[in-house]
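Here is what each chain is made of, one letter per residue.
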Amino acid sequence: MLQSFYSNSRSFLLRAAVAIFALMSSLYLPYLFLGLLNRPFGKIKSTFICYAGNAKYAQHYSFKFMRGWLRWRPTPIGVFRQGEHWGIVFATPMTEEDFLNPKNKEPFLRLLDRLENINSLMGVRLTSYAGVIPSYLHANGYKNDVSHHFSKPLPVINKSIEIVISIEFAEYPDKDIPIILLGGNGKIGTPLKYHWRDSRTDIYVVDPQGGNVSLPNEIYGKPAILVDVSRRGAIRIYIDEMWDGLVILNETFPEPSKSTISLLDSKGVKIYHLSGVKGVVIPSLPHGYIDSVPCCAIHDSNEDTLPVLKLLGSQG
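To start, this report covers the structure provided alongside it. (Residues numbered from 1 in each chain as written. Predicted model: local features only at pLDDT ≥ 70, side-chain atom pairs only at ≥ 80, totals over all residues. Heavy atoms only, no water.)

A few points about the packing of helix H2 (residues 29-38) against helix H6 (residues 105-122)
- The geometry of H2 relative to H6 is characterised by a closest axis approach of 7 Å and an angle of 40° between their N-to-C directions. Judged on the interaxial angle alone, H6 and H2 are oblique. Listed contacts from H6 to Tyr31, Leu32, Leu34, Gly35 and Asn38 of H2 are Ile118, Leu121 and Met122. (Axes fitted to C-alpha atoms, helices over the stretch in contact; angles between N-to-C directions. Helix = DSSP H or I, 4+ residues; strand = E, 2+ residues; numbered from the N terminus. Parallel < 35°, antiparallel > 145°, perpendicular 65-115°, else oblique. Contact = heavy atoms within 4.5 Å.)

In structure tokens form, the structure reads like this:
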């Protein structure tokens, strides 16, 4: 009971703090002051804008009565350090459905323009975007080049695949473990496909856009890893085709729902969630991204960049 009270109090204080920051940041003055401090030293390298992947993310940061007002306003919710630099985390309770709706194109682009103005005041040149925002901007010809957002997470995903294979399939040291790329024809899936085809032959692309729409029958029942780089919720469509011994690596935002994880458990399918990389986030991001810097926000990716992997479900 005491723990529940502490948790509720902490959640209330966080939402209250976000409300205060939202009101303060409705003016540009705080960012102008930050710019005076940042320009001589350049310690703040980027801003990172994220959105509510589902209802629990929106509830974590905002009071219900404020969500309509906050939806199209980038609000600072924390800072992070990754590599040699710091960044500022901005958030909005808008959902994927909100900004993909053509009716909301103008307010969404105004939100991004405001973030660019904030960057300019702070002397920050790099903006990073969560989830499917880069794909949306690329498809809609946004004024800023977002192509680098599709390459940033690739080394981390590749390293994560190697780690999961080494953990789950250690008894097969001389055998290539088949890799299924769910969303393998997308902006992230395509370079992953070509990377792994250089070193192994058992690569299977499952993607409604120009690929197979079913999991490969020829490896059914065999050890394999499925890498999910598709869209939110896509993994659920294929659960009936999965088998005991298949291992999933999820890179998609947000992490799979509890009901999806429960269904995977019942099939004997293990699922790892790629939360991001080692770094510092103050305060920590919630739920599937606790104690990690999301891949889409990273500044530097090299051999020293360590993925943060979380085993979900009954075995996690």
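On we go.
Focus: unusual backbone geometry
- Omega for the peptide link from Phe253 to Pro254 comes to -5°, which places this bond in the cis form.
- Along the polypeptide, Pro254 turns up in the loop between strand E8 (246-250) and helix H11 (258-267).
- The amide bond that connects Ile282 to the next residue, Pro283, takes the cis arrangement and shows omega of -10°.
- For Pro283, the location among the structural elements is in the loop between strand E10 (280-282) and strand E11 (307-312).
- In this structure, His287 is a non-glycine residue whose phi angle is positive, near 55°.
- Its location among the elements puts His287 in the loop between E10 and E11.
- By relative accessible area, His287 is classed as partly exposed at 29%. (Buried < 20%, exposed > 50% of the residue type's maximum accessible area, 1.4 Å probe, protein only.)

Topic: the pattern of salt bridges
- Taken as a whole and assessed by the stated rule, the structure comprises five salt bridges.
- Note that Arg71 is salt-bridged to Asp98, the shortest N-O span being 3.1 Å. With Arg71 in the loop between helix H4 (67-70) and strand E2 (75-82) and Asp98 in helix H5 (residues 96-100), this residue pair connects regions lying 27 residues apart in the sequence.
- When the shortest N-O distance is used, the salt bridge between Glu168 and Lys270 registers 3.1 Å. Taken together, the positions of Glu168 in helix H9 (residues 154-168) and Lys270 in strand E9 (residues 270-277) put the pair 102 residues apart, joining distant regions of the chain. (Salt bridge = Lys/Arg side-chain N within 4 Å of Asp/Glu carboxyl O.)

Here we look at the sheet that holds E2
- What the five strands build is an open sheet, ordered E4-E1-E3-E2-E10; its pairing is mixed. Either end of the sheet is taken by a strand with one partner, and the two such strands are strand E4 (126-129) and E10. Pairwise comparison of adjacent strand axes, ignoring direction, gives a mean angle of 25° for this sheet.
- Pairing of E2 with strand E3 (residues 85-92) involves seven bridges; the strand directions are antiparallel. Within E3, the residue paired with Pro76 across the bridge is Phe90.
- Contacts from H6 reach strand E1 (44-51), E3 and E4, with the element oriented near 145° to E4. (Pairing = 2+ DSSP bridges.)

Here's the deal with the side chain of Thr47
- Relative to the assigned elements, Thr47 resides in strand E1.
- Residue Thr47 is classed as buried on the basis of its relative accessible area of 0%.
- Of the polar contacts made by the side chain of Thr47, one reaches the side chain of Asn119; its length is 3.0 Å.
- In this view, Thr47 contacts Ile88, Phe90, Leu115, Asn119, Met122, Val124, Leu126, Thr127 and Ser128; residues no more than four positions away in its chain are not counted. (Polar contact = N/O pair within 3.5 Å; in protein donor to acceptor, adjacent residues only side chain to side chain.)

Quick notes on the packing of H9 against helix H10 (residues 189-197)
- The geometry of H9 relative to H10 is characterised by a closest axis approach of 11 Å and an angle of 50° between their N-to-C directions. Between H9 and H10, the crossing angle belongs to the class labelled oblique. Judged by the twist between their axes, the crossing of H9 over H10 is right-handed. Only Pro191, Leu192, His195 and Trp196 of H10 make contact with H9, whose side of the interface consists of Leu154, Ile157, Asn158, Ile161 and Glu162.
- Along the lines of polarity and charge, the residues of the contact of H9 with H10 split into six nonpolar, two polar and one charged. (Left-handed = near helix turned anticlockwise from the far one by under 90°. Nonpolar A, V, L, I, M, F, W, Y, C, P; charged D, E, K, R; others polar.)

Examining the sheet that holds strand E7 (residues 224-228)
- An order of E6-E5-E7-E8-E9-E11 is seen for the six strands of this open sheet, with the pairing classed as mixed. The sheet terminates laterally at strand E6 (203-206) and E11, the two strands that pair on one side only. Mean inter-strand twist for the sheet, computed between neighbouring axes without regard to direction, equals 25°.

Thoughts on the state of the cysteines
- Using the criterion set out here, one finds zero disulfides in the structure.
- A disulfide-free cysteine, Cys296 has its sulfur positioned 7.1 Å from the sulfur of Cys295, the nearest such atom.
- Residue Cys296 is classed as partly exposed on the basis of its relative accessible area of 21%. (Disulfide = S-S within 2.5 Å.)

Looking at the packing of aromatic side chains
- Across all of its chains, the model carries eleven aromatic pairs by this definition.
- Centroid distance Phe99 to Tyr136: 6.0 Å. Interplanar angle 80°. Geometry classified as edge-to-face. Here Phe99, found in helix H5, pairs with Tyr136, found in helix H7 (residues 133-139); they are 37 residues apart in sequence, far enough to count as distant. Like Phe99, the residue Tyr136 is buried in the burial classification. (Phe/Tyr/Trp six-rings, centres within 6.5 Å; stacked < 30°, edge-to-face > 60°.)

Some points on the nonpolar core
- Ranked by internal contacts, the top residues of the largest apolar core, which has 66 residues, are Leu137, Ile161, Ile225 and Val227.
- Top contributing element to this core by residue count: H6, with seven residues.
- With near-sequence residues (within four places) excluded, Ile225 lies in contact with Ile161, Val164, Ile165, Phe169, Ile177, Pro178, Ile179, Ile180, Leu246, Val247 and Leu249.
- Counting 20 residues, the second largest nonpolar core, distinct from the first, contains Tyr204, Ala224, Met242 and Ile271. (Core = buried A, V, L, I, M, F, W, Y, C linked by side-chain atoms within 4.5 Å.)

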